[in-house]
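# Residue-level structure breakdown
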Amino acid sequence: KELLELIAINIRNERFKQKISQEKLAELSNLSVNFISNVENAKQDIRICNLNSIAGALNKNIKDMLN
(Lines give C-alpha, C1' and ligand atoms only; values in the text may rest on other atoms or scores of the structure.)
Protein backbone atom coordinates (compact mmCIF):
# COMPACT_ATOMS: atom_id res chain seq x y z
CA LYS A 1 0.00 0.00 0.00
CA GLU A 2 2.81 2.46 0.81
CA LEU A 3 4.40 1.87 -2.59
CA LEU A 4 1.07 2.50 -4.36
CA GLU A 5 0.66 5.74 -2.42
CA LEU A 6 4.20 6.84 -3.30
CA ILE A 7 3.61 6.13 -6.98
CA ALA A 8 0.26 7.96 -6.83
CA ILE A 9 1.81 11.06 -5.25
CA ASN A 10 4.72 11.11 -7.69
CA ILE A 11 2.51 10.77 -10.76
CA ARG A 12 0.05 13.40 -9.55
CA ASN A 13 2.82 15.84 -8.58
CA GLU A 14 4.61 15.45 -11.90
CA ARG A 15 1.35 15.84 -13.82
CA PHE A 16 0.55 19.04 -11.91
CA LYS A 17 4.10 20.31 -12.40
CA GLN A 18 3.75 19.83 -16.16
CA LYS A 19 0.20 21.24 -16.15
CA ILE A 20 -1.20 18.13 -17.83
CA SER A 21 -4.79 17.03 -17.24
CA GLN A 22 -5.67 13.45 -16.41
CA GLU A 23 -7.34 13.29 -19.83
CA LYS A 24 -4.14 14.39 -21.59
CA LEU A 25 -2.01 11.97 -19.55
CA ALA A 26 -4.42 9.16 -20.42
CA GLU A 27 -4.15 10.04 -24.10
CA LEU A 28 -0.35 10.26 -24.01
CA SER A 29 0.00 6.96 -22.14
CA ASN A 30 -2.73 5.08 -24.07
CA LEU A 31 -4.57 4.35 -20.82
CA SER A 32 -8.06 5.31 -19.69
CA VAL A 33 -8.84 8.42 -17.67
CA ASN A 34 -10.51 6.17 -15.09
CA PHE A 35 -7.31 4.13 -14.75
CA ILE A 36 -5.17 7.28 -14.33
CA SER A 37 -7.56 8.58 -11.69
CA ASN A 38 -7.54 5.29 -9.79
CA VAL A 39 -3.74 5.12 -9.89
CA GLU A 40 -3.39 8.72 -8.69
CA ASN A 41 -5.72 7.94 -5.80
CA ALA A 42 -3.87 4.70 -4.94
CA LYS A 43 -7.05 2.72 -5.60
CA GLN A 44 -5.56 0.49 -8.27
CA ASP A 45 -2.54 -1.74 -8.53
CA ILE A 46 -0.34 -0.84 -11.45
CA ARG A 47 1.62 -3.16 -13.69
CA ILE A 48 5.17 -2.28 -14.67
CA CYS A 49 4.21 -1.81 -18.33
CA ASN A 50 1.48 0.69 -17.39
CA LEU A 51 3.80 2.55 -15.03
CA ASN A 52 6.33 2.69 -17.83
CA SER A 53 3.68 4.14 -20.17
CA ILE A 54 2.73 6.82 -17.65
CA ALA A 55 6.35 7.66 -16.87
CA GLY A 56 7.14 7.90 -20.58
CA ALA A 57 4.16 10.19 -21.16
CA LEU A 58 5.58 12.44 -18.43
CA ASN A 59 9.09 12.24 -19.97
CA LYS A 60 10.34 10.41 -16.89
CA ASN A 61 11.46 6.87 -16.19
CA ILE A 62 10.01 4.34 -13.79
CA LYS A 63 12.55 4.98 -11.06
CA ASP A 64 11.46 8.64 -10.95
CA MET A 65 8.01 7.40 -9.97
CA LEU A 66 9.46 5.29 -7.13
CA ASN A 67 11.54 7.95 -5.39
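The following refers to the structure shown. (Residues numbered from 1 in each chain as written. Predicted model: local features only at pLDDT ≥ 70, side-chain atom pairs only at ≥ 80, totals over all residues. Heavy atoms only, no water.)

## Notes on the overall build of the chain
Looking only at helices and strands, the chain has five helices and zero strands in total. When the helices and strands of the chain are listed from N to C terminus, the series reads α-α-α-α-α. Taken over C-alpha atoms, the radius of gyration comes to 10 Å for the chain, in line with the 11 Å a tight globule of 67 residues would show. Counting all 67 residues of the chain, 40% fall into the buried class. Accessible surface, the chain as shown: approximately 4200 Å² in total, 47% of it carbon and sulfur. Here the chain carries 10 positive and 8 negative side-chain charges, and the mean point of each set is 3 Å from the other. (Helix = DSSP H or I, 4+ residues; strand = E, 2+ residues; numbered from the N terminus. Rg over C-alpha atoms; globule rule 2.2 N^0.38 Å. Buried < 20%, exposed > 50% of the residue type's maximum accessible area, 1.4 Å probe, protein only. Areas by Shrake-Rupley, 256 points an atom, 1.4 Å probe, with all protein chains shown as cover. Lys, Arg positive; Asp, Glu negative; His and termini not counted. Charge placed at Lys NZ, Arg CZ, Asp CG, Glu CD.)

## Regarding the packing of helix H2 (residues 22-29) against helix H3 (residues 33-40)
A pair of packed helices is characterised by two quantities: the angle between their axes and the separation of those axes. Running from amino to carboxyl end, H2 crosses H3 at an angle of 110 degrees, the nearest separation of the two axes being 8 Å. The orientation of H2 with respect to H3, classified from their angle, is roughly perpendicular. Read as a crossing pair, H2 and H3 show a hand that is right-handed. Contact residues: H2 offers Gln22, Glu23, Leu25, Ala26 and Ser29, while H3 offers Val33, Ile36, Ser37 and Glu40. (Axes fitted to C-alpha atoms, helices over the stretch in contact; angles between N-to-C directions. Parallel < 35°, antiparallel > 145°, perpendicular 65-115°, else oblique. Left-handed = near helix turned anticlockwise from the far one by under 90°. Contact = heavy atoms within 4.5 Å.)

## As for the pattern of salt bridges
Under the definition given, this model contains two salt bridges. Of the charged contacts, one joins glutamate 40 and arginine 15 as a salt bridge, the two residues approaching to 2.5 Å between their closest N and O atoms. Taken as a pair, glutamate 40 in helix H3 and arginine 15 in helix H1 (residues 2-17) lie far apart in primary sequence, 25 residues in all. With respect to burial, glutamate 40 and arginine 15 carry one shared label: buried. (Salt bridge = Lys/Arg side-chain N within 4 Å of Asp/Glu carboxyl O.)

## Observations concerning the environment of asparagine 52
Positionally, asparagine 52 belongs in helix H4 (residues 48-57). On a C-alpha basis, the gap between asparagine 52 and serine 29 in space is 8.8 Å, while along the polypeptide they are 23 residues apart.

## Observations regarding the nonpolar core
Of all hydrophobic cores here, the largest spans 20 residues; its most connected members are Ile11, Leu25, Ile46, Leu51 and Ile54. Counting residues per element, the ones that place at least two in this core are H1, H2, H3, H4 and helix H5 (62-65). Each residue touching isoleucine 11, except ones within four places of it in the same chain, is listed here: Leu25, Val39, Glu40, Leu51, Ile54, Leu58 and Met65. (Core = buried A, V, L, I, M, F, W, Y, C linked by side-chain atoms within 4.5 Å.)

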